[in-house]
Structures are given as structure tokens and as C-alpha cells.
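Residue-level listing of the chains:
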Amino acid sequence: MELSGAQILVQSLKDEGVEYIFGYPGGAVLHLYDAIFQQDDVKHILVRHEQGATHAADGYARATGKPGVVLVTSGPGATNAVTGIATAYMDSIPLVVISGQVSLPVIGSDAFQEVDMIGITRPCVKHNFLVKDVTQLAETVKKAFYVATTGRPGPVVVDIPKDMTDPRIKVPYKYPKKVTMRSYNPVLTLQKDQIKKAVDLLLGAQKPIIYSGGGVVLGEASKELTEFARTLGYPITNTLMGLGAYPATGAVGGHGVAGPHLAPGTEREDRGGVRRLGGVVPEEIVERRAGDSEVADIGGDLRRDPQKARVPTGRLPTGREGGPRHVELALAGRELRLQGVPLPEATVGHEPGGLVGHAGVVPELAAGARAHQSGL
């Protein structure tokens, strides 16, 4: 079967199981809209602004668990979508954003409604693609959905030049059943040594707390989290994104809590240049950095691999003498190190020298759902 680039894109969406696409038309994507009009399987939701398209697709993905799909034109249409893309990136929501682009021969010549969508979105997407060969379009779409939905979910941009969708140029179509990418290999299995390190941190905790985030909701692991918390007998709270993962709990504010804590599904990792806080145990680590020796990185999904994440039944000890005497707080590249300093008896809050916490030996000081929100 031979199809044009526009028909290949629409047929690829069908084969991927896409039901809805949220978009707003423009010159660079007119061929794509013609192809959408000629079929009824993929329904188009017309918005009044491209930012609305990305937010609508974001909401669709949250409600259904399926990736949201967006179609916008080049230039201002593409840039209008960036806020919604960044939202999906921060909240780990799977989106595939298809943006129109000027024809390949005039890219880089300041053509009408040309912007560097690849460069603009690089800081706020899991990956982006610029299609340069119409014969690779179907495979590129498959890769986009693969990256968006595996590992830690997130948005992916596919930038398609207008000449790649020319209805006069037709090529053989075959949608791949699966794809592999040498540069992308998400961690899906748990690492036993990191599980052991996490358990050691929990056993050595003097004032432990479980701090659950949106990853628990996205991973549908509320049942496992509830059982885990009740087995340990540890106090538990949620981030804003994690509300609903555990019954009737509130959210910890931007100034955080004192003491070592388990943080399943939260955003304490390296994206955006914020270094993970030592002693925090993320549920799923997709992007990791070497050298974070204080962090127990559990590479994988606890819910998908529960046999490796079992803990002893009954209440575990809540403290141990001789715990580590090191506090480390990293805020967007700025580090504060306290070696064996007893912290005053107070709730965590702002002080002239930074943040202070409860008295005694505190293995770690957390700074809320996202470290950069602390205001330091």
C-alpha cells in the first residue's frame, strides 16, 4: 500500500489506536487536515488556541491513561503549544505533539512562520524528532509513542516539514510492531542492591515519613502504597500530584519535612538541573546521574515487580542509634552541607542561613515536592 506522508501519519495514528486528536489548523499542516477529513476513525477536536489543545490532550491522558495527541501548525502555532508541553513534562503525562514546519529546503532561512521547534522544546520534552525522510515517518511516529509511554511518561514532539506531507508523493506504508532506540533504554526492572539500600534507610530512620507523589497515581499503585505504609506503620503524606494515592492525607508544602523519607513517584531527580536529595528513595528512576551515593535509586516500577520489593510483615523499628550524621540539601545546583550539626527543635522553615529542622541526628533534609520551590 502506497500513501502520501499525510496519509501515512493518519494511518499510523489509527494503527497506534489513537481515537482523538486535539488541534488547530494552519498553513503548514493543511495536507494533514485533508487526510484527517478523508477518514472517520481518528476524531479531531477543534480548539480555539494551541495551548488549549495541549492542555486538553493532557487532561485526556490523565483521565484515560492513554497518550494525548496534539496537532498544531508551524511558527506561532507551535510556540503556543509550549506551555502545555512543559506542563506535561513536569507532571509526567504522555503526549505526542505533532507540529507543522516549513519545507525542508527553506529551514533556517527565516521562512514565513518558521521557528526552531526542536530547539525550543528540547528542555521540556522527553525527546523530539524532525522528519527529514517521508519513508521514515511511520517509524518515527512509532518511536514517539514508545518514548512517550514507556519508563517515566512525558511529551514527545514530532516536527513535520510541509513537503513531507505532499499528496503527490507516495511511498510504501508499513507500520512497525515495535521499535528499539540505542539511546533510549528505560529501566523497567528493580535492582536488588538498591532495594536493600532503601530498606537500610528505612530501618535506620529516626523520624521516618513516606512522601508519595503522582507516580503512584499514574502507575495505579495506590493499593500497594496503602499496604506498604500500613505494614511499616510509618506516617504518610502526598505531594499535590500524589493526592488520592492514599486515603485522606494532605500535601506537604514547598518547605518540606525533616528526617529520612521514602518518596515513591515524586519528582526528586535530575531533570531541570535539580540534584536529587540524599536519602530519598524514588519509586521509579528513568534518568539517573552517577555520584549520588546517598540516594537509593530503585530502577524500575515497584508495582510491576512486587516480588523484589517485599518487606517483612509487622511493624519495623522506627529508629537506630548511630545513624549517619550528614545533612545535604541541593537546590538547583546550590548545595548546603552540614556535617554532624544538631539542628534546633523547630518545624522546618526559613532562617537566615537556610532551612532548619527537628533536633537530633537528621540523615537528610527534604525541601518539598520540588526543591526549587523552596525560594532559596
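Conventions used here
- Residues numbered from 1 in each chain as written.
- Predicted model: local features only at pLDDT ≥ 70, side-chain atom pairs only at ≥ 80, totals over all residues.
- Heavy atoms only, no water.
- Helix = DSSP H or I, 4+ residues; strand = E, 2+ residues; numbered from the N terminus.
- Contact = heavy atoms within 4.5 Å.
- Areas by Shrake-Rupley, 256 points an atom, 1.4 Å probe, with all protein chains shown as cover.
- Buried < 20%, exposed > 50% of the residue type's maximum accessible area, 1.4 Å probe, protein only.
- Salt bridge = Lys/Arg side-chain N within 4 Å of Asp/Glu carboxyl O.
- Phe/Tyr/Trp six-rings, centres within 6.5 Å; stacked < 30°, edge-to-face > 60°.
- Core = buried A, V, L, I, M, F, W, Y, C linked by side-chain atoms within 4.5 Å.
- Pairing = 2+ DSSP bridges.
- Axes fitted to C-alpha atoms, helices over the stretch in contact; angles between N-to-C directions.
- pLDDT = per-residue confidence, 0-100.

### Here's the deal with the overall build of the protein chain
Each helix and strand counted, the protein chain has 10 helices and 16 strands in total. Across the protein chain, contacts joining residues at least 24 apart in sequence account for 71% of those joining residues at least 6 apart. With an accessible surface of roughly 17400 Å², the protein chain has 54% of that area assigned to carbon and sulfur atoms.

### A word on the side chain of Ser12
Looking at the element boundaries, Ser12 is found in helix α1 (residues 5–15). We classify Ser12 as buried; its relative accessible area is 0%. Discounting residues that sit within four places of it in the chain, Ser12 has contacts with Ala138, Val141, Tyr173 and Tyr175.

### Some details on the pattern of salt bridges
In total, this model carries eight salt bridges according to the counting rule given. One salt bridge in this structure joins Arg62 and Asp58, with 2.3 Å as the shortest N-O distance. With Arg62 and Asp58 both in helix α3 (residues 50–64) and four residues apart, the pair spans about one turn of that helix. Residue classification places Asp58 among the buried positions, given a relative accessible area of 5%. The network of salt bridges with shared partners includes Asp58, Arg62 and Asp91.

### Section: the environment of Val72
Tracing the backbone shows Val72 in strand β4 (residues 68–72). Judged by relative accessible area, Val72 falls into the buried class, the value being 0%. The sequence separation of Val72 and Asp159 amounts to 87 residues, and the corresponding C-alpha distance is 9.8 Å. Not counting residues within four places of it along the chain, the set of residues in contact with Val72 comprises Tyr24, Val29, Glu50, Gly77, Ala78, Ala81, Ile98, Ser99 and Gly100.

### Considering the packing of aromatic side chains
Each aromatic ring pair is described using two quantities: the centre-to-centre distance and the angle formed by the ring planes. Scanning the model with the defined rule gives three aromatic pairs in all. Aromatic side chains Tyr146 and Tyr184 sit 5.6 Å apart centroid to centroid with 85 degrees between the ring planes, which places their arrangement in the edge-to-face category. Of this pair, Tyr146 sits in helix α7 (residues 137–149) while Tyr184 sits in the loop between β8 (170–172) and α8 (192–203); the two residues are 38 residues apart in sequence, bridging distant segments of the chain.

### Concerning the nonpolar core
Within the largest apolar cluster, 37 residues are counted, with the highest numbers of intra-cluster contacts made by Ile8, Leu13, Leu71, Ile98, Phe145 and Ile160. When residues of this core are traced back to their parent elements, those giving at least two are α1, α2 (30–37), β4, β5 (95–101), α7 and β7 (155–161). Setting aside chain neighbours within four positions, we find Ile160 in contact with Leu9, Ile98, Ser99, Gly100, Gln101, Val131, Leu137 and Thr165. One finds Ala61, Ala88, Met117 and Val157 within the second-largest nonpolar core, a separate group that totals 21 residues.

### Quick notes on the sheet that holds strand β2 (residues 20–23)
What the six strands build is an open sheet, ordered β3-β2-β4-β5-β7-β6; its pairing is parallel. Here the strands that pair on one side only, and so sit at the sheet edges, are β3 (43–46) and β6 (127–130). Each adjacent strand pair in this sheet contributes to an overall mean axis angle of 20 degrees, direction not counted. Note: β2 against β4, two bridges, orientation parallel. By the bridge assignment for β4, Gly23 is matched with Leu71. Relative to the sheet, α3 contacts β2, β4 and β5, its axis offset from that of β4 by approximately 170 degrees. Strands β5 and β7 of the sheet are contacted by helix α5 (residues 82–91), whose axis makes an angle of about 145 degrees with β7.

### Thoughts on the confidence of the model for the protein chain
Averaged over every residue, the pLDDT of the protein chain is 75; the share at 70 or more is 66%. Low pLDDT (under 50) marks residues 253–260, which in the prediction has 35 contacts with non-local residues, meaning those over four places away or in another chain. Confidence drops under a pLDDT of 50 for residues 269–299, and excluding neighbours within four residues, the segment shows 112 contacts in the predicted structure.

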